[in-house]
Amino acid sequence: LIGTGNYCDLRNEIYYIIKRTSVVNPTFENIVYFVGDRLPILRLSSQDTNGALLWNDENTTLLLGTHEYSWIFYPNDSSNFTDVTGTIKVTAVKIVPLSIQFGGNFKTQYNAFDKFDTTGLIVYLVYNNGNKIVLDDTQSNLSISHGEELYLDSLPVVLYTDGENTVSGSVDITVLPIHLNV
């Protein structure tokens, strides 16, 4: 107030703060995701508004193919910035058998015409997500074909099928020739 004298003025005014829109560009690690995996961890970039970025339903598991999943952002400074919601696409692939691996303590050297011995042989089924399970000969979808006798150019083959996918592997053994004295 301009003038002379003593003035006293009490004003009752309401001020509104217009919140700025939060800047949110969510990303996640660019790796292969599999059906049944949980949603990946969301990340903010250094240019985004500071705050918490969460999935709407963090217990959701991924479905086969590419789907949109909803997220919500809560700014640290909620007095000056807005909450933001959005969606992001995540692709998940089917888990399938990828290969057969072998382990254990089994016989690896034979003479020609010997029969292959599976004693001590451990057969692993490896999936495309890195999981590995032990297969045994009681499973109807596992077969070890090696014929009656081993030859120099034949290796035992392990075949696994689940009705949709088939994988095979050859057991690495050595077949020695038989030397005949005539």
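If you're wondering where the values come from, they're calculated on a predicted model, not measured in any experiment.

Parameters at a glance
Residues numbered from 1 in each chain as written. Predicted model: local features only at pLDDT ≥ 70, side-chain atom pairs only at ≥ 80, totals over all residues. Heavy atoms only, no water. Helix = DSSP H or I, 4+ residues; strand = E, 2+ residues; numbered from the N terminus. Contact = heavy atoms within 4.5 Å. Pairing = 2+ DSSP bridges. Axes fitted to C-alpha atoms, helices over the stretch in contact; angles between N-to-C directions. Buried < 20%, exposed > 50% of the residue type's maximum accessible area, 1.4 Å probe, protein only. Phe/Tyr/Trp six-rings, centres within 6.5 Å; stacked < 30°, edge-to-face > 60°. Lys NZ or Arg CZ within 6 Å of the ring centre and 35° of its normal.

Draft legend 1. Region of interest: the side chain of Ser-22. Along the chain, Ser-22 falls in the segment before strand S1 (33-34). Excluding residues within four positions of it along the chain, Ser-22 makes contact with Thr-49, Phe-73, Pro-75, Phe-81, Thr-82 and Val-84.

Draft legend 2. Quick look at the sheet that holds strand S11 (residues 166-170). Pairing is antiparallel in the open sheet, where three strands are placed in the order S9-S10-S11. The outermost strands of the open sheet, each flanked by one partner alone, are strand S9 (142-145) and S11. Each strand of the sheet is rotated relative to its neighbour by a mean of 15°, with strand direction disregarded. Here four bridges tie S9 to strand S10 (residues 157-161), and the two strands are oriented antiparallel to one another. From the neighbouring strand, Ser-145 faces S10, where its bridge partner is Val-157.

Draft legend 3. Expanded view of the pairing of strand S4 (residues 84-93). Where burial is concerned, the two faces of S4 differ: the one with Val-84, Gly-86, Ile-88, Val-90 and Ala-92 is buried and the one with Thr-85, Thr-87, Lys-89, Thr-91 and Val-93 is not. Relative to S4, S1 runs parallel, the two being bridged by two bridges. The residue of S4 that forms the bridge with Tyr-33 is Ala-92. With nine bridges connecting them, strand S3 (residues 65-75) and S4 associate as antiparallel partners. In the strand pairing of S4, Ser-70 is matched with Thr-87.

Draft legend 4. Broad picture of unusual backbone geometry. Here the phi dihedral of Phe-113 falls at roughly 80°; this positive angle occurs in a residue that is not glycine. Examined against the element boundaries, Phe-113 turns out to sit in the loop between strand S6 (109-111) and strand S7 (121-127).

Draft legend 5. Looking closely at the packing of aromatic side chains. Using the criterion set out here, one finds three aromatic pairs in the structure. The interplanar angle of 70° and the centroid separation of 5.8 Å between the aromatic rings of Phe-28 and Tyr-33 together place this pair among those described as edge-to-face. Note on Phe-28: relative accessible area 21%, which makes it partly exposed. By relative accessible area, Tyr-33 is classed as buried at 9%. Look at Trp-55 and Tyr-69: their rings are 6.4 Å apart centre to centre, the planes differ by 85°, and that puts the pair in the edge-to-face class. Residue Trp-55 is located in strand S2 (residues 51-55), and its partner Tyr-69 is located in strand S3; the two are separated by 14 residues in the primary sequence. Summarising the burial analysis for this pair, Trp-55 and Tyr-69 share the class buried. The positively charged end of Lys-132 is found above the aromatic ring belonging to Tyr-124, 4.9 Å away from the centroid.

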